Amino acid sequence: MEGKLSRTVTDAVDFKGFPADRTTTGGWVPAALILGIELCERLSTMGIAVNLVTYLTGTMHLPSATSANIVTDFMGTSFILCLLGGFLADTFLGRYKTIAIFALIQTLGTGSLAITTKLPQLRPPPCHGQTTTNCERANGFQTGILYLSLYTIALGTGGLKSSVSGFGTDQFDDQDEKEKTQKAYFFNRFFFFISMGTLMAVTFLVYIQDEVGRSWAYGICSVSMFIAVLIFLSGTKRYRYKKSLGSPIIHILQVVVAANRKRKMETPYDFGMLYENSPEDLRIHHTDQFRFLDKAAIVAEGDFERNASSPNPWRLCSVTRVEEVKMVARLMPVWATTIIFWTTYAQMITFSVEQASTMERSIGGFQIPAGSFTVFFVAAILITLAVYDRLVMPLWKKSSGNPGFTNLQRIAIGLTLSTVGMAAAALAETKRLSVAKALGPRNTTNLPISAFLLIPQFFLVGSGEAFIYTGQLDFFITQSPKGMKTMSTGLFLTTLSLGFFVSSFLVSVVKRVTRIHGRQGWLADNINYGRLDCFYWLLAILSFMNFVIYLACAMWYKPGKTKPRIEMEKVNGICAEEKC
């Protein structure tokens, strides 16, 4: 048995469909090829997002709030489409084909964006002079072509991201201790590559956009992604492929439908009477939460079709299948309370960049692009990860005996830091507005106040992302059923999506509510006229309230457990821990 374990991977196949040989497939080499395509995806998506608001306001001459909403809607759509990508991967294409197809779609999108920003017919004429009040705004055709390019990129990003992390972890076998350890490090390296892609985007790519030309920068994105696809395809023979277990969304619907059909039936007092057909070592303990779903496992007349050995899954589900749905349901409160973090995150690539564009950004004779100030955001992520891995984790392990913070604890730290970050942003904006008011906002485009005043908000929210991203990814993948890993990744990414959409919603509501009696409101077309600090304080208050709710949800959460193998050995007379 040991020899067989060392030779093949039980639940994976190679590109020909044969059992995967662990000596020639999987491991860090193919995982690195997968990480490479994720790096290029981040380079493209973030290179566009962090500096898009300056293009929309400065070149397309759109209002500040409108520009911010276009950016957040673009990012939100990118992540919500992860659900579509996950569904296609689980049901039809598999992760490998999904990554390849949607990476090519993103390549097409960035290429079309390069053309869109190059052609003068697709943007309004430039403004003349200091004032922007009489500038001609982009017309419907021009913005429509821009939207087409952006949402082609969003489609590619969504399909790609839904499968990258899952396909990467497929390259490691949990039954091999060495590969299991490597898999644990994969998540940190995955996030490191994301951060490196973002770092390249906010430095090199933003500089190219501002100093050379946006079409050149977006062309670089398209070419780099195409090269990444070729490199990804070169590893086809080295990858391990996991067989699809079917769409988890269908499995969830089957349990809900079956439970609803039997809603009037009484659940047996003895849960051992509920239907179960899963292998012994894969069964999940029955839990008392969401008892309504247990009705899906009640055996009733008509559940088995004539001459069929297995039941109709829309009428009868196993206890394990029901418990898998319960596991997903238990994730939802934590899922809901992490959305607000990404709403605060959205401000770092929209209003914070616009703040920087009005402030002094020179170092010597070099003018830092406004979009490049998000480098402090990325630097905070990298520094936080390094300090956590090299300093915090060893000290925590030494003092408490635990290897590090739990995933729920990391999420809590991230929510705390983002709340403080919004308060810091509000204070910085109050100072910036006082300078603008003293000089007269109508006549000031570059205020005599350093943009480095914004570093605390970038650093705090960036550090928060380092904790919450790794915590969320770990939580949703490890606490979800085995057959729903891709869907759980998509579920995690929808928190990012909804965070951006909530930001767009808040911006629209605040703009409408505060713009009364002819006033500009908190979110004026020119931020020097508005009260962006009040908007930041609103987000700080909402973040604090959300944090309190999160703590209650985290204490309520109880993870489901598979039946331990040692417990099953009681049948053979072997004592199972203290339960014998």
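Just above sits the structure.
Rules used in this analysis
- Residues numbered from 1 in each chain as written.
- Predicted model: local features only at pLDDT ≥ 70, side-chain atom pairs only at ≥ 80, totals over all residues.
- Heavy atoms only, no water.
- Helix = DSSP H or I, 4+ residues; strand = E, 2+ residues; numbered from the N terminus.
- Rg over C-alpha atoms; globule rule 2.2 N^0.38 Å.
- Buried < 20%, exposed > 50% of the residue type's maximum accessible area, 1.4 Å probe, protein only.
- Contact = heavy atoms within 4.5 Å.
- Lys, Arg positive; Asp, Glu negative; His and termini not counted.
- Charge placed at Lys NZ, Arg CZ, Asp CG, Glu CD.
- Pairing = 2+ DSSP bridges.
- Core = buried A, V, L, I, M, F, W, Y, C linked by side-chain atoms within 4.5 Å.
- Axes fitted to C-alpha atoms, helices over the stretch in contact; angles between N-to-C directions.
- Parallel < 35°, antiparallel > 145°, perpendicular 65-115°, else oblique.
- Left-handed = near helix turned anticlockwise from the far one by under 90°.
- Nonpolar A, V, L, I, M, F, W, Y, C, P; charged D, E, K, R; others polar.
- Polar contact = N/O pair within 3.5 Å; in protein donor to acceptor, adjacent residues only side chain to side chain.
- Phe/Tyr/Trp six-rings, centres within 6.5 Å; stacked < 30°, edge-to-face > 60°.

### Structural notes on the overall build of the protein
Link 1 in the chain: Each helix and strand counted, the protein has 17 helices and 7 strands in total.
Link 2 in the chain: Expected size for 580 residues packed as a compact globule is a radius of gyration near 25 Å; at 26 Å, the protein falls within 12% of this value.
Link 3 in the chain: Viewed in the frame of its principal axes, the protein has a C-alpha envelope of about 85 × 55 × 50 Å.
Link 4 in the chain: Out of the 580 residues in the protein, the part that is buried amounts to 53%.
Link 5 in the chain: Taking contacts inside the protein between residues at least 6 apart in sequence as the whole, the part at least 24 apart equals 80%.
Link 6 in the chain: Averaged over its 55 positive side-chain charges, the protein has a centre that lies 4 Å from the centre of its 41 negative ones.

### Details of the sheet that holds strand 2 (residues 19–21)
Link 1 in the chain: Taken in spatial order, the 3 strands of this open sheet run 2-1-3, and their pairing is antiparallel. This sheet does not close on itself; its edge strands, each paired only once, are strand 2 and strand 3 (241–242).
Link 2 in the chain: Strand direction decides the pairing type here: strand 1 (residues 8–13) and strand 3, joined by 2 bridges, are antiparallel. Bridged to Val13 within strand 3 is Tyr241.

### Regarding the nonpolar core
A general feature of soluble globular proteins is that nonpolar side chains tend to end up buried together.
Link 1 in the chain: Grouped together as the largest cluster of nonpolar side chains are 123 residues, with contacts concentrated most on Ile37, Leu56, Phe232, Tyr469, Phe535 and Tyr536.
Link 2 in the chain: The element that contributes the greatest number of residues to this core is helix 2 (residues 28–58), accounting for 14 residues.
Link 3 in the chain: Sequence-distant contacts of Leu56, that is, excluding residues within four places in its chain, are made with His61, Leu62, Ser67, Ile70, Val71 and Leu146.

### Focus on the packing of helix 9 (residues 319–337) against helix 16 (residues 532–556)
Link 1 in the chain: Between helix 9 and helix 16, whose axes approach to 9 Å, the crossing angle comes to 165°. The pairing of helix 9 with helix 16 is recorded here as roughly antiparallel in orientation. Where helix 9 crosses over helix 16, the handedness of that crossing is left-handed. Of the residues in helix 16, those touching helix 9 at Arg330, Pro333, Val334, Ala336 and Thr337 are Asn546, Ile549, Tyr550, Cys553 and Trp556.
Link 2 in the chain: Among the residues forming the contact of helix 9 with helix 16, the class breakdown is 7 nonpolar, 2 polar and 1 charged.

### Focus: the side chain of Thr116
Link 1 in the chain: Within the secondary structure, Thr116 sits in helix 4 (residues 82–118).
Link 2 in the chain: Residue classification places Thr116 among the buried residues on the basis of a relative accessible area of 4%.
Link 3 in the chain: Within the structure, Thr116 has its side chain in polar contact with the backbone oxygen of Ser112 (distance 2.8 Å).
Link 4 in the chain: At 3.2 Å, the side chain of Thr116 and the side chain of Ser149 are in polar contact.
Link 5 in the chain: Residues in contact with Thr116, not counting those within four places in the same chain, are Leu122, Ile145, Leu146 and Ser149.

### As for the packing of aromatic side chains
Link 1 in the chain: Taken as a whole and judged by the stated rule, the model has 30 aromatic pairs.
Link 2 in the chain: Ring geometry for Phe87 and Phe92: centres 6.0 Å apart, planes at 75°, overall edge-to-face.
Link 3 in the chain: Ring geometry for Phe476 against Phe492: centres 6.3 Å apart, planes inclined by 25°, an arrangement best described as stacked. Of this pair, Phe476 sits in helix 14 (residues 455–478) while Phe492 is found in helix 15 (residues 485–514), placing the two residues 16 residues apart along the sequence. Each member of the pair Phe476 and Phe492 is classed as buried.
Link 4 in the chain: One aromatic cluster in this structure is built from Phe79, Phe341, Trp342, Tyr345, Phe377, Tyr469, Phe475, Phe476, Phe492, Phe500 and Tyr557.

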